[in-house]
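Structure at a glance
Take a look at the letters that make up each chain.
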Amino acid sequence: MPEAGGGRQGPASGPGDRTRGGASSSSRAGDGPPPRPEEQARAICLRLLTGSPRTRKQLADALAKKGIPAEVAEEVLSRFEEVGLIDDSAFAGAWVESRHRGRGLARRALTQELRTKGVASAVIDEAVGQLDAEQEERTARELVERKLRSTRGLDRDKRLRRLAGMLARKGYPEGLALRVVRRALEEEGEEPELLDSYLPDA
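The following refers to the structure shown.

Parameters and conventions
- Residues numbered from 1 in each chain as written.
- Predicted model: local features only at pLDDT ≥ 70, side-chain atom pairs only at ≥ 80, totals over all residues.
- Heavy atoms only, no water.
- Helix = DSSP H or I, 4+ residues; strand = E, 2+ residues; numbered from the N terminus.
- Buried < 20%, exposed > 50% of the residue type's maximum accessible area, 1.4 Å probe, protein only.
- Areas by Shrake-Rupley, 256 points an atom, 1.4 Å probe, with all protein chains shown as cover.
- Expected span 1.5 Å × (residues − 1).
- Arc of directions from axis to C-beta.
- Contact = heavy atoms within 4.5 Å.
- Axes fitted to C-alpha atoms, helices over the stretch in contact; angles between N-to-C directions.
- Parallel < 35°, antiparallel > 145°, perpendicular 65-115°, else oblique.
- Left-handed = near helix turned anticlockwise from the far one by under 90°.
- Nonpolar A, V, L, I, M, F, W, Y, C, P; charged D, E, K, R; others polar.
- Phe/Tyr/Trp six-rings, centres within 6.5 Å; stacked < 30°, edge-to-face > 60°.
- Core = buried A, V, L, I, M, F, W, Y, C linked by side-chain atoms within 4.5 Å.
- Salt bridge = Lys/Arg side-chain N within 4 Å of Asp/Glu carboxyl O.

Some words on the overall build of the protein
Assigned secondary structure in the protein consists of 12 helices and 0 strands. Listed by position from the N terminus, the elements making up the protein come as α-α-α-α-α-α-α-α-α-α-α-α. Put simply, the protein has 202 residues, and 34% of those count as buried. Here the protein has roughly 12,600 Å² of accessible surface; of this, 50% comes from carbon and sulfur atoms.

What follows is the structure, encoded as structure tokens:
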């Protein structure tokens, strides 16, 4: 029949073509427009902040690595600061408390660590100001007391170097380190006269 043209249309609308057409439409619908840079920046910051607190500089560096335009990053970071999601002062204070209590780090070492994280000098000064000289010395004594046992049996010079070196690596000034080590060794029974050639008088 002439109307068999309907049959001729069949292959054009057969299962294979319908599948191809459906896939193409679905793909176009699923892709959608790419997220705006602002949305990308917010998502990156939120993901990083979910893991642990970050400084503004750390987040800015992460956004730059992802290709977020500088002006977009600045706007998003400022907004996060306004709502309290970024707070370098709180970060620095918590860092000092945690690293001093957990690792026994002195003010000098803490200052260096916070600098590497992009914290402003004024904020660092305020944070490390939580630790006064007396607290720093108490912590130095505790560190030496814990380390003393593992140095027993070594000659005097090696013990002194090991104990003072441990404090130096944690940022304690040389004078304080030597004074604390001398006192600990005297309390352990070392004769003060034998230490005079190595350490200043406490």
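From this point, the narrative continues.
A word on helix 3 (residues 37–51)
For helix 3, which comprises 15 residues, the first-to-last C-alpha distance of 22 Å matches the rise-based estimate of 21 Å (1.5 Å per residue) to within 8%. Within the span of helix 3, buried status applies to Ala41, Ile44, Cys45 and Leu49. Mapping the buried residues of helix 3 onto a view down its axis gives an arc of 125°, with all of them on the same face. Across helix 3 from its buried face, at more than 90 degrees, point the exposed residues Arg47, Thr50 and Gly51. Those residues of helix 3 that are buried are in contact with helix 4 (56–65) and helix 5 (70–82).

Re the packing of helix 6 (residues 88–103) against helix 8 (residues 121–128)
Across the interface, helix 6 lies against helix 8 with an axial gap of 9 Å and an inter-helix angle of 40°. Comparing their axes, helix 8 and helix 6 come out oblique. The crossing of helix 6 and helix 8 is right-handed. Residues Asp88, Ser89, Ala92, Gly93 and Val96 of helix 6 touch helix 8, and the partners they reach there are Val123, Ala127 and Val128. Considered class by class, the residues forming the contact of helix 6 with helix 8 number 5 nonpolar, 2 polar and 1 charged.

Comments concerning the packing of aromatic side chains
Evaluation of the coordinates by the stated rule reveals 1 aromatic pair. Seen in terms of ring centroids, Phe91 and Trp95 are 5.8 Å apart; in terms of plane orientation they differ by 15°. Their pairing is stacked. Of this pair, Phe91 and Trp95 both sit in helix 6, separated by 4 residues, roughly a single helical turn. What makes Trp95 partly exposed here is its relative accessible area of 21%.

Re the nonpolar core
Ranked by size, the top nonpolar core spans 18 residues in total, and within it Val144, Leu167, Tyr172 and Val181 carry the most contacts. Broken down by secondary-structure element, the contributors of at least two residues to this core are helix 9 (133–151), helix 10 (156–169) and helix 11 (174–188). For this core, the element with the most residues is helix 11, which contributes 7 residues. Ignoring anything within four residues of it in the chain, the contact list for Leu167 reads Ala140, Leu143, Val144, Tyr172, Ala177, Val180 and Val181.

Overview of the pattern of salt bridges
Counted by the stated rule, this structure contains 16 salt bridges. The partner of Arg56 in a salt bridge is Glu81, with the nearest N and O atoms 2.7 Å apart. Here Arg56, found in helix 4, pairs with Glu81, found in helix 5; they are 25 residues apart in sequence, far enough to count as distant. The partly exposed category is assigned to Glu81, whose relative accessible area is 35%. Between Arg159 and Glu188 there is a salt bridge whose closest N-O contact spans 2.8 Å. One end of the pair, Arg159, is in helix 10; the other, Glu188, is in helix 11, and 29 residues separate them in sequence. Look at Arg159 and you get buried, because its relative accessible area is 6%.

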